[in-house]
Amino acid sequence: MDAGKLTRNQKQIDGMRAVNFPVERIGWLATAELAAAAGLLVGFVWRPPAIAALAGLIAYLVGAFVFLFRARLTRFAALFPATAFLVAALALSACYLA
């Protein structure tokens, strides 16, 4: 995550508008990303927060897919980052639950 959502970077705002995401809710996305990062870091010491963070991260990325598909942004360049992070989150989930 970069600080673009927290600082309301114009490029981030334009991207949110392109997929019809309500710009006034961009702070919630930044909060979800920070919570996931914190949960994964704490998860190195204590497992439950990591599992919760991964579940939230997977929900976040599925939401990203929904907005991308609703905006008909299905080209590779638009889908690759979300796909890569979703696969990584699912792989980490498998490791934590194994």
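Now for a quick tour of the structure. (Residues numbered from 1 in each chain as written. Predicted model: local features only at pLDDT ≥ 70, side-chain atom pairs only at ≥ 80, totals over all residues. Heavy atoms only, no water.)

### Focus on the packing of aromatic side chains
Here comes step 1: Summed over all chains, the structure comprises 2 aromatic pairs.
Here comes step 2: Taking the centre distance of 5.1 Å and the plane angle of 70 degrees together, the rings of phenylalanine 21 and phenylalanine 67 count as edge-to-face. A residue pair is termed long-range when its members are at least 10 positions apart, and phenylalanine 21 in the loop between α2 (10-18) and α3 (26-42) and phenylalanine 67 in helix α4 (residues 47-70) qualify at 46 residues.
Here comes step 3: On the basis of relative accessibility, which here comes to 15%, the residue phenylalanine 21 falls in the buried class.
Here comes step 4: Centroid distance phenylalanine 65 to phenylalanine 69: 6.3 Å. Interplanar angle 20 degrees. Geometry classified as stacked. With phenylalanine 65 and phenylalanine 69 both in helix α4 and 4 residues apart, the pair spans about one turn of that helix.
Here comes step 5: Across the ring face of phenylalanine 67, the terminal group of arginine 70 is positioned such that the distance to the ring centre comes to 5.0 Å. (Phe/Tyr/Trp six-rings, centres within 6.5 Å; stacked < 30°, edge-to-face > 60°. Helix = DSSP H or I, 4+ residues; strand = E, 2+ residues; numbered from the N terminus. Buried < 20%, exposed > 50% of the residue type's maximum accessible area, 1.4 Å probe, protein only. Lys NZ or Arg CZ within 6 Å of the ring centre and 35° of its normal.)

### A few points about α2
Here comes step 1: Regarding α2, the residues found buried are Gln12, Ile13 and Met16. In an axial view of α2, the angular spread of the buried residues amounts to 100 degrees, which keeps them on one side of the axis. In α2, the exposed positions angled more than 90 degrees off the buried face are occupied by Lys11 and Arg17.
Here comes step 2: The elements touched by buried residues of α2 are α1 (4-7) and α3.
Here comes step 3: The backbone nitrogen of lysine 11 has a side-chain oxygen 2.7 Å away, supplied by the residue at the start of α2, namely asparagine 9. (Arc of directions from axis to C-beta. Contact = heavy atoms within 4.5 Å. Polar contact = N/O pair within 3.5 Å; in protein donor to acceptor, adjacent residues only side chain to side chain.)

### Comments concerning a nonpolar patch on the surface
Here comes step 1: A contiguous nonpolar patch, built from Leu41, Val42, Phe44, Val45 and Trp46 and spanning about 640 Å² of accessible area, is present on the exposed surface.
Here comes step 2: One can find tryptophan 46 in the loop between α3 and α4.
Here comes step 3: Its relative accessible area of 55% is what places tryptophan 46 among the exposed residues. (Patch = residues over 30% accessible without salt bridge, like charges linked within 9 Å, V, L, I, M, F, W, Y side chains within 5 Å. Areas by Shrake-Rupley, 256 points an atom, 1.4 Å probe, with all protein chains shown as cover. Salt bridge = Lys/Arg side-chain N within 4 Å of Asp/Glu carboxyl O.)

### Overview of the packing of α3 against α4
Helix packing geometry: the angle between the two helix axes and the distance between the axes.
Here comes step 1: In contact at an axis separation of 7 Å, α3 and α4 are set at 145 degrees when each is read in the N-to-C sense. Like other packed secondary-structure pairs, α3 and α4 cross with a definite hand, here left-handed. Contacts from Leu29, Ala32, Glu33, Ala36, Gly39, Leu40 and Val42 of α3 reach α4 at Pro49, Ala50, Ala53, Leu54, Leu57 and Tyr60.
Here comes step 2: Its residues placed into classes, the contact of α3 with α4 shows 11 nonpolar, 1 polar and 1 charged. (Axes fitted to C-alpha atoms, helices over the stretch in contact; angles between N-to-C directions. Left-handed = near helix turned anticlockwise from the far one by under 90°. Nonpolar A, V, L, I, M, F, W, Y, C, P; charged D, E, K, R; others polar.)

### Examining the nonpolar core
Here comes step 1: Ranked by internal contacts, the top residues of the largest apolar core, which has 19 residues, are Met16, Val19, Phe21, Phe65, Leu68, Leu86 and Ala89.
Here comes step 2: Put simply, the parts of the chain that give this core at least two residues each are α2, α3, α4 and α5 (76-97).
Here comes step 3: Counting residues per element, this core draws most heavily on α4, at 7 residues.
Here comes step 4: Those residues in contact with leucine 86 that lie beyond four places of it in its chain are Ile58, Leu61 and Phe65. (Core = buried A, V, L, I, M, F, W, Y, C linked by side-chain atoms within 4.5 Å.)

Scope: geometric values only; no functional claims are made or implied.
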